[in-house]
Every structure is written in C-alpha cells, then in structure tokens.
Amino acid sequence: MLCKSKKWENSIYRTAVPAIRWRGYGDCMVLLKINRMDAGGRLDKYLLRFLKEASSGFIYKMLRKKNIVLNGKKAAGNEILKEDDEIKLFISDETVLKFGGSLTAVGDENKENSVYNRLKNLKWTFEEPEVIYEDRDILVLCKPANVLSQIAKAGDLSMNEWLINYLIKSGSLSEADLATIKPAVVNRLDRNTSGLILAGKTLSGLRFLSEIIKERKLSKYYLTLVKGEITEAFTAEAYLKKSESHNTVKIFKEKTEGADYIKTAYEPLCVHNGHSLLRVGLITGKSHQIRAHLAFLGYNVAGDGKYGLKSDNVLYRRMGLTSQFLHSYEIKFPEIEGSFSYLSGKLLKSELPPVLKRVVDELGLTLSCN
C-alpha cells in the first residue's frame, strides 16, 4: 500500500546494493542514493539488482506510474546513473521485501553468518597475493600459484574471496556496498599459473576491464621455461579443442570441427643447457593455450603435469617446482579515451616468484642472455 500523506518516520536503513546507503521512511518511501560503486550503470538494471525477484515489467510499470523516480523526475529506465543520484521508490516495505529488497536497520549486529561477515573474517591459508596497482575503480594483483581465480565448487577459496576481504579491511567496501555489487576478478589464470590478474572494485571498473579484455585490447605477456632450445622469435597458429570431461585440450594443425582458432607469439629471452626461457604473447586467449600449444610444437613447459613428460618433471621437482613454470608477468593497457584515459599505455609487471627464480638460476639462465 502506498502512503502519500503519512508522517515520515526517522528510521534509517541499509540495504545490500552496490555501495548504496538508503533510508526507509515508514512504509511509504525508500530513498536510494547512488555512490561511486554503482555509478555508470543503467537505472533499470540497478533496480532489478535491488528488487531481485521483481520482473522487468513490474519495474517499468512503477517507472511509468512515477512510483519510482530519479532525482525527483519521471524516468524511462535507460538513464545512466551518476554518483549522488537519488532514486525514490514510493513502494511499501512489504512490497520491497517481497521482491527481495533488504531492509536492515543500521547497527543491527545479529548477522554473524552473513556473507559480509564471513568474508570479513576470512582466514587465508595460502600465500598472500601482492597488490601491484590500485585506484578507486580497479586493482591489479599478483596471484600465487596453487590458488583459484574463481571458485569451482562450494567451500573453495579463490582470488574473489581474498579481494573482497582485502577491500573490506581497507575500508573500500561496506556491507551496504556488497549488497548490490560484488567486486571480482575479470580474467582467469589456471590454478597452477602465477602472476597478474585484474579486478574491478566498482561497476565502472568491472565494465571497463571486461570490455578491453573482450575486445582483445589489453596486451598480456607470460614467462615460461621449456625443455628444448628455441633460438628465434616466431608466431604460431593452430586450433584448440577442449574436453570438458577431462579438463584438457587438444591442438590441431588444421581447422577442426569444435576447435577454436589460436595464435601465440614466442620470443626467446635466454637459451642455455637445453632449455629456453620464453616471453609469450597471447594473441588469442584460450584455456591451457600456452602449455598445450608448446607441447604440440615439441617444447614441454617445465613442471607441467598435464601436457609435459613425467620423466622431465623429476628434475624440476628436485629444484622445488611443484607446478608448471608459467607466470603472467606483464600487461599493457591500450590507448584509452574517457574516464579511464589515465591508464593509457600503462605498463605493469610482476617479478618471478622465488621458486621460479630459483629454477632459472639453477639452470644457468637469466631474463636476458644478451
């Protein structure tokens, strides 16, 4: 029931929507104020995140009837939200709750099992990721080997959980923010691959990173060590087909049904003692592309238990290498216009982890033999 004349109450509430703090006045009106976490998204999509169980038809009906207004004016739903915009919902508390909106009084501490508190008190059991770069919208982290980028099953810990724990502890993410937006990593590395991984803190940051990755505008380079000597730079093309049941891929020289085109650039940095340290540029980015493609070409990645040879890996295990030698060590942003122009051409690097550096040293290699 809508209430147009009832005296407003002074109750202050908080919801679970990206960086949104909101106030409920009695059971007549809810005020949502947009902060930087939600800025940049469409009004209708924001409302559908807030009223999780509502249909788009209900949202548009409320907009047409001016039961939902933006900055005091009638809205169509396609408006792009800006920081400090105000959305007023002349909808009863019962309706808000019915459609999944949360009305939680500020200061209510009876939420020990909430997602926020679980992630706030997360006990990280792996090596801590290193923060390489951070601004108000994005983070670039160095993922350790043997850590998932995203969870594979319930109970897993991944870079996403660590990210939210980090943002909560640093004061960048409130419980109200987590209700509507979930900061997340936007590119994946295999569990046993270390190196640079990108994450969006805000809706704008998530969209920006997802867009440049999807459009292949972000330059990504890896360091890998292979058995065999590669003395000249080259670019290789092939086709990759994934087996979901075995979590492996197969490489084909010619176009094959169900296989995706792949292209990889290889540059030798140092060749010594029957091994090559390579700088690898991903022109396409497919699961297991670097390891499988190199194995197909006759150069097994050191320590690779999936596409390499067990007999070769015995040597690397003695050096302390427990996973494949593959490290995402450099990214370069493209030329950018607009609000993220400050990142144009920015180059970020991550040093080799100690275990990989030790293998390089023991084999008599360096990052540059010249």
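Note that the structure is a prediction, hence the values are computed from the model and not measured. One numbering rule holds for all chains: residues counted from 1, following each sequence as written. The model is predicted, so local features are restricted to residues of pLDDT at least 70 and side-chain atom pairs to those at 80 or more, both for listing and for counting; the totals for chains, interfaces and linings are taken over all residues. For side-chain calculations, the full set of non-hydrogen atoms in the structure is used, while hydrogens and water are omitted.

Draft legend 1. The arrangement of the pairing of strand β17 (residues 326–332) in detail. Type-normalised accessible area, obtained with a 1.4 Å probe on protein chains alone, sets the label of each residue: buried when under 20%, exposed when over 50%, and partly exposed for intermediate values. Numbering of helices and strands runs from the N terminus; a helix is a DSSP stretch of H or I covering at least four residues, while a strand is a stretch of E covering at least two. By the criterion of burial, β17 is predominantly enclosed, with six of the seven residues buried. In this scheme, strands are said to pair when DSSP sees at least two bridges between them. Judged from the two bridges that link them, strand β11 (residues 194–200) and β17 form a sheet pairing that is parallel. Bridge pairing in β17 links S194 to H327. Summarising the sheet, β17 and strand β18 (residues 347–349) pair through three bridges and their orientation is antiparallel. Its bridge partner lying in β18, K332 is registered against L347.

Draft legend 2. Inspection of the environment of T193 at higher detail. With respect to the secondary-structure elements, T193 resides in the loop between β10 (184–185) and β11. Overall, the relative accessible area of 2% leaves T193 in the buried class. Linking T193 and K143, residues 50 residues apart in sequence, is a C-alpha distance of 8.1 Å.

Draft legend 3. Molecular detail of the environment of P129. Mapped onto the fold, P129 is located in the loop between α4 (115–120) and β8 (130–134). For this analysis, residues touch if any pair of their heavy atoms sits within 4.5 Å. Beyond its immediate stretch of four places on either side in the chain, P129 contacts W124, C142, P144, M159 and W162.

Draft legend 4. Examining the pairing of strand β14 (residues 248–252) more closely. Of the two faces of β14, only the one carrying V249 and I251 is buried; T248, K250 and F252 on the other face are not. As judged from the five bridges shared by strand β13 (residues 234–243) and β14, these two strands associate in the antiparallel manner. Across the sheet, residue K242 finds its bridge partner in β14, namely V249. Two successive antiparallel strands, β13 and β14, enclose a turn made up of four residues, where N247 displays a positive phi of approximately 50°.

Draft legend 5. Quick peek at the pattern of salt bridges. Basic side-chain nitrogens of Lys or Arg form a salt bridge, by our definition, when they fall within 4 Å of a carboxyl oxygen of Asp or Glu. Enumeration according to the criterion identifies 14 salt bridges in this entry. Put simply, K201 and E134 hold a salt bridge, and the shortest N to O gap is 3.0 Å. Residue K201 is found in the loop between β11 and α7 (203–214), and its partner E134 is found in strand β8; the two are separated by 67 residues along the sequence. Between K217 and E215 there is a salt bridge; the shortest N-O distance is 2.9 Å. Through salt bridges with shared partners, a single ionic network connects E267, R279, E330 and K349.

Draft legend 6. The packing of aromatic side chains, seen in detail. Pairing of aromatic rings covers Phe, Tyr and the six-membered ring of Trp, with a centre-to-centre limit of 6.5 Å; geometry is then stacked below 30 degrees between planes, edge-to-face above 60, and tilted otherwise. Throughout the structure, instances matching the rule amount to six aromatic pairs. With centroids separated by 5.2 Å and ring planes inclined at 10°, the aromatic side chains of W162 and Y166 adopt a geometry described as stacked. Note that W162 and Y166 are positioned in helix α5 (residues 159–169) at a spacing of four residues, about one turn of the helix. Using a relative accessible area of 22% as the deciding quantity, one classes Y166 as partly exposed. Between F208 and F340 the ring centres are 4.2 Å apart and the planes differ by 5°, which places this aromatic pair in the stacked class. Highlighted residues: F208 in helix α7 and F340 in the loop between β17 and β18, separated in sequence by 132 residues. Just as F208 is buried, F340 falls in that class too. Grouping aromatic residues by their ring pairs yields a cluster made of F208, F333, F340 and Y342. Charges are assigned to positions over rings by a cutoff of 6 Å between ring centre and Lys NZ or Arg CZ, combined with an angular limit of 35 degrees from the ring normal. For R279, the ring lying beneath its charged end belongs to Y221, and the centroid distance is 3.8 Å.

Draft legend 7. Broad picture of the nonpolar core. L139, L141, M159, I164, I168, L173 and L178 are the most contacted members of the largest nonpolar core, which has 23 residues in total. Once residues lying within four places of it in the same chain are set aside, the contact partners of M159 are P129, L141, K143, P144, V147, L148, S149, V185 and I197. Note on terminology: a nonpolar core comprises buried Ala, Val, Leu, Ile, Met, Phe, Trp, Tyr and Cys residues joined through side-chain atoms within 4.5 Å.

Draft legend 8. Representation of the side chain of S323 within the structure. For S323, the location among the structural elements is in the loop between α9 (310–318) and β17. Apart from residues lying up to four places away in sequence, S323 is in contact with A145, N146, N192, A302, G303 and R317.

Draft legend 9. Region of interest: helix α10 (residues 354–362). Of all the residues in α10, the buried ones are L356, V359 and V360. Axial view of α10: buried residues confined to an arc of 100°, hence all on one face. G364 lies just past α10 and shows a positive phi near 75°. When we speak of the arc, we mean the arc of directions from the helix axis to the C-beta atoms.

Draft legend 10. Expanded view of unusual backbone geometry. Even without glycine at this site, D84 takes up a positive phi of about 80°. Here D84 falls in the partly exposed class, since its relative accessible area comes to 49%. Unusually for a residue other than glycine, R216 sits at a positive phi of about 60°. Along the chain, R216 falls in the loop between α7 and β12 (219–227).

Draft legend 11. Just the packing of helix α1 (residues 43–50) against helix α2 (residues 56–64), in detail. In contact at an axis separation of 10 Å, α1 and α2 are set at 120° when each is read in the N-to-C sense. Looking at the two axes, α1 sits oblique to α2. Every pair of crossing elements has a handedness; the one defined by α1 and α2 is right-handed. Contacts from L43, D44, L47 and L48 of α1 reach α2 at S56, I59, Y60 and L63. We call Asp, Glu, Lys and Arg charged. Ala, Val, Leu, Ile, Met, Phe, Trp, Tyr, Cys and Pro are nonpolar, and the rest, Gly among them, are polar. By residue class, the composition of the contact of α1 with α2 is six nonpolar, one polar and one charged. For helices, the fitted axis covers only the stretch in contact; all axes are lines through C-alpha atoms, and the angles between them, taken along N-to-C directions, range from 0 to 180 degrees. Small angles under 35 degrees read as roughly parallel and large ones over 145 as roughly antiparallel, with 65 to 115 read as roughly perpendicular and the rest as oblique. Left-handed is the label given to a crossing in which the near helix is rotated counterclockwise from the far helix by less than a right angle, and right-handed is the label when the rotation is clockwise.

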